[in-house]
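So the chains spell out like this:
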Amino acid sequence: MNKENKEQISSYKSAIYSGTFDPITNGHMDIIKRAANIFDEVIIAVAKSERKKPMFSHEQRVEFAKEATKNISGVKVVGFDTLLVDLATSLSITTIIRGLRAVSDFEYELQMGYANSSINKTIETLYLMPTLENAFVSSTIVREIILFKGKFQHLVPKEVIECM
């Protein structure tokens, strides 16, 4: 392998973006698209998270994420039921992407970033903010609107609507 090929391989950068994605929202998609512009590969890791009692099954949430991201180059979707840091390590990924909508997210996400780093010192957490248009969108809000049969279609990717 020549020097140029080694440099190309060593500059290849992957990141992982995890969540329950119950369901995946336009806010998540905003973060995914931003991450895809920064990294060569972005792994969307859909957590099983049964203790959160998700509205949609793990299989549905993985499918929603696959459908919503199918046209974004370099994005792959996996389901997982482990510590995120363990998944990242098994995939040789050292960058975790986290989204920050508001100041209230910051404290929790900072603690999670420190906890992940304490488990694996090579892990870095990169925090991205969605556009102002998507700053209020959360899966919790979407689920609440769905429960009360309200209009939510403008908050999730059209591919999710098609899968429901």
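Structure shown above.
To start, this report covers the structure provided alongside it. (Residues numbered from 1 in each chain as written. Predicted model: local features only at pLDDT ≥ 70, side-chain atom pairs only at ≥ 80, totals over all residues. Heavy atoms only, no water.)

## Observations regarding the sheet that holds strand S2 (residues 41-47)
Right, on to step 1. Sheet architecture is open: 5 strands sit in the order S3-S2-S1-S4-S5, paired in parallel fashion. At either margin of the open sheet sits one strand with a lone partner, and together these are strand S3 (75-80) and strand S5 (124-128). Averaged over neighbouring strand pairs, the angle between their axes works out to 30° when direction is ignored.
Right, on to step 2. Examined bridge by bridge, strand S1 (residues 14-19) and strand S4 (residues 95-99) share 2 bridges and lie parallel to one another. Pairing of Tyr17 across the sheet is with Ile97, part of S4. (Pairing = 2+ DSSP bridges. Helix = DSSP H or I, 4+ residues; strand = E, 2+ residues; numbered from the N terminus. Axes fitted to C-alpha atoms, helices over the stretch in contact; angles between N-to-C directions.)

## Section: the nonpolar core
Right, on to step 1. Judged by nonpolar contacts, the single largest core of 30 residues is most densely connected at Tyr17, Ile24, Ile32, Val42, Ile44 and Ile97.
Right, on to step 2. Mapped by element, the contributors of at least two residues to this core are S1, helix H2 (26-38), S2, helix H3 (58-69), S3 and helix H6 (139-147).
Right, on to step 3. In contact with Val42, not counting residues within four places along its chain, are Ala15, Tyr17, Ala35, Ala36, Gly74, Val75 and Lys76.
Right, on to step 4. Residues Ile43, Ala45, Ala47 and Ala88 belong to the second largest nonpolar core, which totals 12 residues. (Core = buried A, V, L, I, M, F, W, Y, C linked by side-chain atoms within 4.5 Å. Buried < 20%, exposed > 50% of the residue type's maximum accessible area, 1.4 Å probe, protein only. Contact = heavy atoms within 4.5 Å.)

## A look at the side chain of Glu41
Right, on to step 1. Tracing the backbone through its elements, the reader meets Glu41 in strand S2.
Right, on to step 2. At 2.9 Å, the side chain of Glu41 forms a polar contact with the side chain of Ser14.
Right, on to step 3. Within the structure, Glu41 has its side chain in polar contact with the side chain of Lys76 (distance 2.8 Å).
Right, on to step 4. For Glu41, the residues in contact, after removing those within four places along its chain, are Tyr12, Lys13, Ser14, Ala15, Gly74 and Lys76. (Polar contact = N/O pair within 3.5 Å; in protein donor to acceptor, adjacent residues only side chain to side chain.)

## Observations regarding the layout of surface pockets
Right, on to step 1. Approximately 1100 Å³ is the volume found for the largest pocket.
Right, on to step 2. Taken together, 43 residues line the largest pocket, and the ones lying closest to its centre are Gly19, Thr20, Lys52, Arg98 and Tyr108.
Right, on to step 3. Where the lining of the largest pocket is concerned, the elements lending two or more residues are S1, H2, S4, helix H5 (103-119) and H6.
Right, on to step 4. Counting residues per element, the lining of the largest pocket draws most heavily on H5, which supplies 8 residues.
Right, on to step 5. Across the lining of the largest pocket, the residue classes tally to 16 nonpolar, 15 polar and 12 charged. (1 Å grid on protein atoms, 1.4 Å probe; cavity = no way out; pocket = protein on both sides within 12 Å on 5 of 7 lines; lining within 4 Å. Points joined across faces, edges and corners; volume = space filled by probe spheres on them. Nonpolar A, V, L, I, M, F, W, Y, C, P; charged D, E, K, R; others polar.)

## Overview of the pairing of S3
Right, on to step 1. Bridge analysis of S2 against S3 gives 6 bridges, and the strand direction is parallel. Counted as the bridge partner of Ala45 is Val78 from S3.
Right, on to step 2. Handedness of the crossover is the feature at issue here: the chain leaves S2, passes through H3, returns alongside S3, and the resulting connection is right-handed. (Right-handed = clockwise from strand over helix to strand, strands pointing away.)

## Notes on the pattern of salt bridges
Right, on to step 1. Inspection of every chain in the model, using the stated rule, returns 8 salt bridges.
Right, on to step 2. The residue Lys48 makes a salt bridge to Glu50 at a minimum N-O spacing of 3.6 Å.
Right, on to step 3. The exposure class of Glu50 is exposed, given its relative accessible area of 57%. (Salt bridge = Lys/Arg side-chain N within 4 Å of Asp/Glu carboxyl O.)

## Notes on the pairing of S2
Right, on to step 1. Where burial is concerned, most of S2 is hidden: 7 out of the 7 residues are buried.
Right, on to step 2. For S1 and S2, the ladder comprises 6 bridges, and the chain directions are parallel. Bridging across to S2, Gly19 finds its partner in Val46.
Right, on to step 3. Handedness of the S1-H2-S2 crossover: right-handed.

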